[in-house]
Structure formats: C-alpha cells, structure tokens
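Structural features, examined
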Amino acid sequence: MSPRGCLAVVLTRPASAQQDPLAGSLDAIETRLAEVERDLAGYEGGAIRDILLLRRQTLALTRDMITLRLTGEATGASEDLRLPTRTPDPARAGQLAGEIAAAEARVEAARREAEGTGGLLQLSALAAYHAEQLGLTRLRLAWFEAEYGIALPTPAAAAPETPPPEVASAPAPAPEQPTDPWVDPRFPQIDYARPAFRQLHQEGFEVSGWWGISRERAPLDDSLSITAINVAEFSTSGYGDNPSLIVSCREGTPALIYNTDDYPLTNIRSNSIEVTFRIGDNPAETQQWSKLTNGEGAGLFGDRAIALIRRIYDADRIFLRLVERNGQTHDALFPLDGGPAAYDAAADACGFSTLSLSRDDYLALQTALTRAGHDPGTPDGNWGPASRQAMRAFQAANGLPETGQPDRASVALLRGEPQ
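Before going into details, it helps to say that this report is about the structure given with it. Remember, predicted model here, so these are calculated numbers, not experimental data.

**Looking at the state of the cysteines**
The term disulfide refers to a covalent linkage connecting the sulfur atoms of a pair of cysteines. All chains considered together, the criterion is met by 1 disulfide. Between the sulfur atoms of cysteine 249 and its disulfide partner cysteine 350 the distance amounts to 1.9 Å. Residues cysteine 249 and cysteine 350 are joined through a disulfide that is right-handed, its torsion about the S-S bond being 105°. Here cysteine 249, found in strand β6 (residues 244-250), pairs with cysteine 350, found in helix α8 (residues 339-350); they are 101 residues apart in sequence, far enough to count as distant. With respect to burial, cysteine 249 and cysteine 350 carry one shared label: buried.

This is the structure:
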C-alpha cells in the first residue's frame, strides 16, 4: 500500500512522441551539468560555490528522474518509485514557459553585467549571475513536472527527519556561562570566567569574542586611538606569562603586535626579529618584524600591519612563533573569534580599508558612488580627496562611520547587499 499522500508510480509507458523531446532535454541537462562542474573548479568556497552546488544537485535530480522515465519508455521495465502524486498541467506548463523565457533574459543580462565589471564588484555580479542560473534551473524543473507529470524533489523542499519525541523534548543544555556584563553571547565556547575578561571590563574595554577593545583620544591631537588585545593566551589563573596579540591605531599609525610578555634575546645591532606565522590552515610564513621598544616582542606597523590585518580578517586563528638569537622560540596560538570588531575599529580610526582593493575595485566603487548621487570626480581608480569626500557623504547619508574609506559595510551597501 502506498504511503499516505504518495502514488506508487510504475514507469512503464508505451513509446510516444514525448520520448524524443525528453531525450533532447536530457542532453541539455548533461551539458549544463558539465558547465557547473567547470565553474565549481574555480571556487574553493564562498557563496558562489554554495549556489553552484545547489544548482548541480537540482540538475542531477532532474537528470536522474528523466533517465528513469526514458528507461521505462524504451524497455518497458518497471521502476517502482514512491513519489508525490502529480498530474500534467498544460496551462501551468505554458505559464512556466513564459517565466523561463523571462529568466533566460535575466541570466543573459546578469552575464553581461558580470563581464562588464571588474575587481571586487565583479564578485557580486558573478554571484547574481549564478543565482539567476539557479532560479532558471528550478523553473525548468517545475516545467518538467507540469508538462510530463514528473515529480522532481528540490533540495530546498527536502524535509528533515523528525526526531523521536523523547529526543525532541530533551534538547542538550547550552553551556553555562557567567552572567557578568562582559560576556559576549555570540561565542558561548569561550570561558568568560577567566580573570582576563574581568580585568578588561574593569579597565573599560569592550569585549568582542577573545578581544578587548579600548577607545580613547590621543593627547597630542585628540585623534581617536584604538587598542584591541586578544587575551586567548593569558594564563587561566591570572598569574604567569600572558602573551597577547594586539591590533591598534595611534596617532594615525596602525600596528599589529605580538607581545610575548617576556624579554627575548635579540641581536642588539638589529631593529628586527624573526617571526613565523600561520593563518588558519595556510602554509607558514617567516618575516622580519620590528622589535618593540619595550623589548617584549615584535610588531608590524603602517602598510605592513594593514596587509596582515586584511589577511586575518576572515581567519579563525593565527599561530605565531618568535625566534630568539639563541634559537629559543616563543609560540602562541590565538583564536580570532570576535576579531572583525577589533580590525574595523582600528581601520576606522586610522582611515584604511580592511579590504584588499585593486585599481579596478576603486574604479568600480567610484562608478557606484556616482550612481548613488555622490560625485567622486572622474572615475580613474585613484582614491583621492574627491573620492574620500564622496564616500564620506555616502556614509553620512546611510548612517555609517564617516571615514571616507571603502570599509566593508560601505562597499556592501554600494553593491546592494542586504544589511
């Protein structure tokens, strides 16, 4: 007996004129699947890859169901499947054909838009193109259902299995956290009972993940100074060595510092010291960093600091090793949960972008600012005073920090991404 709401479909139908159109459709689907596979090879992660994976799954489902239908028509073999009941609906098939034509036009327009942009904004255009392709694939899937009565499940329609009542009624308890005001609820895996977090709170730091962020005015020129300290390597007892990772902006100079909370032996004739770091699962790299004036570690300043901040912005961790003159090492592994708030604060204060932007990116942003009604001058890819003024006006009009720099929030808004 068939499950409730389903029909036991036996795919044995006499050969008909429908077989040839279906066979042609199957060839077209195989071609589209090959295109998706080629596109997937160009993306290791991110939203575009997720869209492509959904499209591949939908196309594969369509291919498999049509193949079963064709097998039944060609051989008369019975394929007993449990599928939702479907009846061909010619009127809906005609309506969907019109929607498919409109979707194909949107896909073509999105393709031209992607080819006509460059740099950073091209990623947004490519995502829109692939999203339109996914929508078109799903429309075609619905058309097969209406035209031939082939019921095709979609990934979005797959219902999760219902857990047994005793499981559903007894969810696992959430990890207990202290109720202190410095607890960041976004990161329940962090032990906010550590003494370091209480100390940060007492000294006026805002806690974001593993980071404490301090904002104050510089005594020299009243410019905003930012100090963000990662306390993941602090002693859990509050005593002993407390190495830290620091991101800061002071008097307009950005810095990224590894403070070992020790005094490494270094070559007194050199102002640099060897530091090896590894971001996430990427290969380790070794650089010469500047020695700190207090002798407790090393740091990067100015453009070199900006470059590394950009690289760690979306990373989950960074390993650091400082090598002394005698070969002794100082190792630390910093999880970076909550880091974007620290990086953004330093970037806003020092007037730099945490995005790595090319000249094409700046050109695209200048064009977008012009379209938004803020004149950056003639778009040329150079981010000068007129561009900064136009960005400040755009940021002011949208309630964003008026830095004049293409920060992530401003760029996302110019690209039309949801906030």
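**Some words on the pattern of salt bridges**
Within this structure, the stated rule accounts for 13 salt bridges. In this structure, aspartate 314 engages arginine 408 in a salt bridge whose closest nitrogen and oxygen atoms are separated by 3.7 Å. Here aspartate 314, found in the loop between α7 (303-312) and β11 (317-323), pairs with arginine 408, found in helix α11 (residues 408-414); they are 94 residues apart in sequence, far enough to count as distant. Taking relative accessible area as the criterion, aspartate 314 reaches 66% and is therefore assigned exposed. For arginine 408, a relative accessible area of 23% translates into the label partly exposed. Salt-bridge contacts for arginine 317 lead to aspartate 316; the nearest nitrogen and oxygen are separated by 2.9 Å. Look at arginine 317 and you get partly exposed, because its relative accessible area is 26%. We classify aspartate 316 as partly exposed; its relative accessible area is 45%.

**Notes on the packing of aromatic side chains**
Considering all chains together, one arrives at 7 aromatic pairs under this definition. Ring plane angle 35° and centroid distance 5.4 Å describe the contact between tyrosine 362 and tryptophan 383, whose orientation is recorded as tilted. Highlighted residues: tyrosine 362 in helix α9 (residues 359-371) and tryptophan 383 in the loop between α9 and α10 (385-397), separated in sequence by 21 residues. For the residue pair tyrosine 362 and tryptophan 383, the accessibility class agrees, reading buried in each case. Members of the aromatic cluster, connected to one another through ring pairs, are Tyr192, Phe197 and Trp210. For arginine 408, the ring lying beneath its charged end belongs to tyrosine 313, and the centroid distance is 3.5 Å.

**A word on unusual backbone geometry**
Located in the positive-phi region is glutamate 251, a residue other than glycine, with phi close to 50°. Along the chain, the position of glutamate 251 falls in the loop between β6 and β7 (253-259). With a phi close to 55°, aspartate 261 is a non-glycine residue in the positive phi region. Within the secondary structure, aspartate 261 sits in the loop between β7 and β8 (272-279).

**Focus: the sheet that holds strand β3 (residues 206-208)**
The strand order across the open sheet built from 10 strands is β3-β4-β5-β6-β7-β10-β9-β8-β11-β12, with neighbouring strands paired in antiparallel fashion. Of all the strands in the sheet, the pair left with one neighbour each is β3 and β12 (329-335). Direction aside, neighbouring strands of the sheet carry axes that sit 30° apart on average. Bridge count for strand β5 (residues 224-230) against β6 is 5 bridges, and the pairing is antiparallel.

**Points about α10**
Over its 13 residues, α10 extends 18 Å from the first C-alpha to the last, a length consistent with the 18 Å expected when each residue adds 1.5 Å. For α10, the full list of buried residues reads Ser387, Ala390, Met391, Phe394 and Gln395. One face of α10 carries all of its buried residues, which in axial projection span an arc of 135°. Turned more than 90 degrees away from the buried face of α10, the exposed residues are Pro385 and Ala397. Buried-residue contacts for α10 involve α9 and α11. Glycine 399, located one to two residues past α10, shows a positive phi value of around 70°.

**Points about the pairing of β8**
Of the strand pairs in this sheet, β8 and strand β9 (residues 285-291) are connected by 6 bridges, and their pairing is antiparallel. Paired with glutamate 274 across the two strands is glutamine 288, which belongs to β9. The turn linking β8 back onto β9 is made up of 5 residues, and glycine 280 within it adopts a positive phi angle of 55°. Here β8 runs beside β11; their pairing, made up of 5 bridges, is antiparallel.

Thresholds applied
- Residues numbered from 1 in each chain as written.
- Predicted model: local features only at pLDDT ≥ 70, side-chain atom pairs only at ≥ 80, totals over all residues.
- Heavy atoms only, no water.
- Disulfide = S-S within 2.5 Å.
- Helix = DSSP H or I, 4+ residues; strand = E, 2+ residues; numbered from the N terminus.
- Buried < 20%, exposed > 50% of the residue type's maximum accessible area, 1.4 Å probe, protein only.
- Salt bridge = Lys/Arg side-chain N within 4 Å of Asp/Glu carboxyl O.
- Phe/Tyr/Trp six-rings, centres within 6.5 Å; stacked < 30°, edge-to-face > 60°.
- Lys NZ or Arg CZ within 6 Å of the ring centre and 35° of its normal.
- Pairing = 2+ DSSP bridges.
- Axes fitted to C-alpha atoms, helices over the stretch in contact; angles between N-to-C directions.
- Expected span 1.5 Å × (residues − 1).
- Arc of directions from axis to C-beta.
- Contact = heavy atoms within 4.5 Å.

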